[in-house]
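# Breakdown of the fold
Here are the chains, one letter per residue:
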Amino acid sequence: MTEQILKYIKELCNTPSPTGYTKRAETYLIEEFRKMGYEPYQTVKGNVIVPINPGTENGLLMSAHVDTLGLMVRSIKANGRLRVTTLGGFPLSYVEQENVTIITRSGKEYTGVMRINNPAVHGSNDPREVKRDDINMEVVIDEITNSAEETEKLDIAAGDFIALDPRYRVDNGFVKSRHLDDKASAGVLMALAKEIKEKDIKINRPLYFAFTIYEEVGHGAASGHPQAIKDMIAVDMGVVYDDLKTDETKVSICAKDSSGPYNYDLTNELIEIAKENEIDYAIDIYPQYGSDASAAVASANDFRHALVGSGVAASHGYERTHINGLKGLYKLLLNFIKR
């Protein structure tokens, strides 16, 4: 089971899907779920819905998102380099010196690196002092180009997407990569679906998995839900921070985030299952966070909603979780759907 979870996470992390350009991840999900024997479909927006145990009432929807943070070309500078705008919320210092892939509207791809305009420590104090923002940072393309005209000839233009190198690896049980928010949870759901099918696990209510593609900009699960959903659990990252109890080895159950408190009874059910199954968990408040479940209920969907995830450190940067947290999350979700 652990190897299967890590396989899916690695494959997802290595599939570029900055929010707004997620077609490769969508195709990957559809192909993998069809191999398992499911019949996934897509909403008009593009979310991938997987009927695990279809039904007409008292439905449960579990969601994870496969869109990630990234960049977009804002403009081409006179020197041929790229000024960027962010996709999702993160400080640009989090992507300094990162390798990137520029994906043009015509499908061409170019590599490059995101860095400050004057990165040589032997030339100035800028590497130590300059503000990390879109004025003082740029993408340098791995092509010989020294003017806007030369870059335009590469078919690069404003609005092209820029994917960040995930740098996925596993060291001593710690899973490290960009985009574990939320590809770690997506991998857990995929492994869970595979076990349900292979072991013919009986589920006492309708169950659907949703993989959304605009969560990082706030409207991933705002629409397109299967009918007759009563409960929705967003399976997303748990926040590791100063006064919170979650760490990378635990399952985090969120009581409240910036959108407000999650459903009292549904959250309590998750807590009880964690206790009953001796899962290492923490209950926490996420001060700057919003989930697909909160987006769904804000869009007039009459659901009970909850939020769980394995603890992920350094959120929106080079993130880290642990195999124990992933296994605990898997165990929590499996026992919830079997209840």
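Since this is a predicted model, take the numbers as computed values, not measurements.

## Quick word on the overall build of the chain
Broken down by element type, the chain carries eight helices and 19 strands. Radius of gyration (C-alpha) of the chain: 21 Å, near the 20 Å computed for a compact globule of 339 residues. In terms of principal-axis extent, the alpha carbons of the chain reach across some 65 × 40 × 40 Å. A separation threshold of at least 6 residues defines the contact pool for the chain, and within that pool the share at least 24 residues apart is 75%. With 39 positive and 49 negative side-chain charges, the chain shows a separation of 2 Å between the mean positions of the two kinds.

## Structural notes on the nonpolar core
One finds M62, F209, F211 and I233 to be the most contacted residues of the largest nonpolar core, which totals 79 residues. Looking at this core element by element, the count peaks at 10 residues for helix α5 (residues 180-198). For M62, the residues in contact, after removing those within four places along its chain, are L189, L207, Y208, F209, A210, I233, V235, L333, F336 and I337. Counting 23 residues, the second largest nonpolar core, distinct from the first, contains V84, Y110, V139 and L154.

## Observations concerning the pairing of strand β13 (residues 229-235)
On a regular strand, each side chain points to the face opposite its neighbour's, so the side chains alternate between the two faces of the sheet. Counting buried residues in β13 gives six out of seven residues, a clear majority hidden from the surface. Relative to β13, strand β3 (residues 59-65) runs parallel, the two sharing five bridges. The partner of L61 across the bridge, within β13, is M232. Here β13 runs beside strand β18 (residues 304-312); their pairing, made up of five bridges, is parallel. Counted as the bridge partner of V235 is V308 from β18.

## Remarks on the sheet that holds strand β10 (residues 169-171)
The antiparallel open sheet is built from three strands, whose spatial order is β10-β11-β19. Here the strands that pair on one side only, and so sit at the sheet edges, are β10 and β19 (319-322). Sheet twist, expressed as the average angle between the axes of neighbouring strands with direction ignored, equals 25°. Of the strand pairs in this sheet, strand β11 (residues 174-177) and β19 are connected by four bridges, and their pairing is antiparallel. By the bridge assignment, F174 is partnered in β19 with H322. The strands that helix α8 (residues 323-338) touches are β10, β11 and β19; relative to β19, the one it contacts most, it runs at about 65°.

## Concerning unusual backbone geometry
Omega for the peptide link from D181 to D182 comes to 10°, which places this bond in the cis form. The topology assignment puts D182 in helix α5. The backbone of H179 sits at a positive phi, close to 75°, despite the residue not being glycine. With respect to the helices and strands, the residue H179 is situated in the loop between β11 and α5.

## Describing the environment of V66
Following the sequence through the fold, V66 ends up in the loop between β3 and β4 (70-76). The exposure class assigned to V66 is buried, which follows from its relative accessible area of 0%. Separated by 120 residues in the primary sequence, V66 and A186 place their C-alpha atoms 7.0 Å from one another. Not counting the four nearest positions on each side in its chain, V66 is found in contact with L12, S17, A25, L29, K183, A186, F211, T212 and I213.

## Overview of the environment of K202
Looking at the element boundaries, K202 is found in the loop between α5 and β12 (207-212). Along the chain, K202 and R339 lie 137 residues apart, while their C-alpha atoms are 9.8 Å from each other.

## A short note on the packing of helix α6 (residues 264-276) against α8
Viewed as axis vectors pointing N to C, α6 and α8 meet at an angle of 115°, and their least axial separation amounts to 9 Å. For the element pair α6 / α8, the angle class is roughly perpendicular. For the pair α6 and α8, the sense of crossing is right-handed. Contact residues: α6 offers L266, E269, L270, I273 and A274, while α8 offers L332, N335 and F336. Considering only residue class, the contact of α6 with α8 consists of six nonpolar, one polar and one charged.

## Let's talk about α8
Taking 1.5 Å of rise per residue, 16 residues should cover 22 Å, and α8 covers 23 Å from first to last C-alpha, within 8% of that figure. For α8, every residue scored as buried is listed here: I323, G325, L326, G328, L329, Y330, L332, L333, L334, F336 and I337.

How each quantity is defined
Residues numbered from 1 in each chain as written. Predicted model: local features only at pLDDT ≥ 70, side-chain atom pairs only at ≥ 80, totals over all residues. Heavy atoms only, no water. Helix = DSSP H or I, 4+ residues; strand = E, 2+ residues; numbered from the N terminus. Rg over C-alpha atoms; globule rule 2.2 N^0.38 Å. Contact = heavy atoms within 4.5 Å. Lys, Arg positive; Asp, Glu negative; His and termini not counted. Charge placed at Lys NZ, Arg CZ, Asp CG, Glu CD. Core = buried A, V, L, I, M, F, W, Y, C linked by side-chain atoms within 4.5 Å. Buried < 20%, exposed > 50% of the residue type's maximum accessible area, 1.4 Å probe, protein only. Pairing = 2+ DSSP bridges. Axes fitted to C-alpha atoms, helices over the stretch in contact; angles between N-to-C directions. Parallel < 35°, antiparallel > 145°, perpendicular 65-115°, else oblique. Left-handed = near helix turned anticlockwise from the far one by under 90°. Nonpolar A, V, L, I, M, F, W, Y, C, P; charged D, E, K, R; others polar. Expected span 1.5 Å × (residues − 1).

The values are spatial; any link to function lies outside them.
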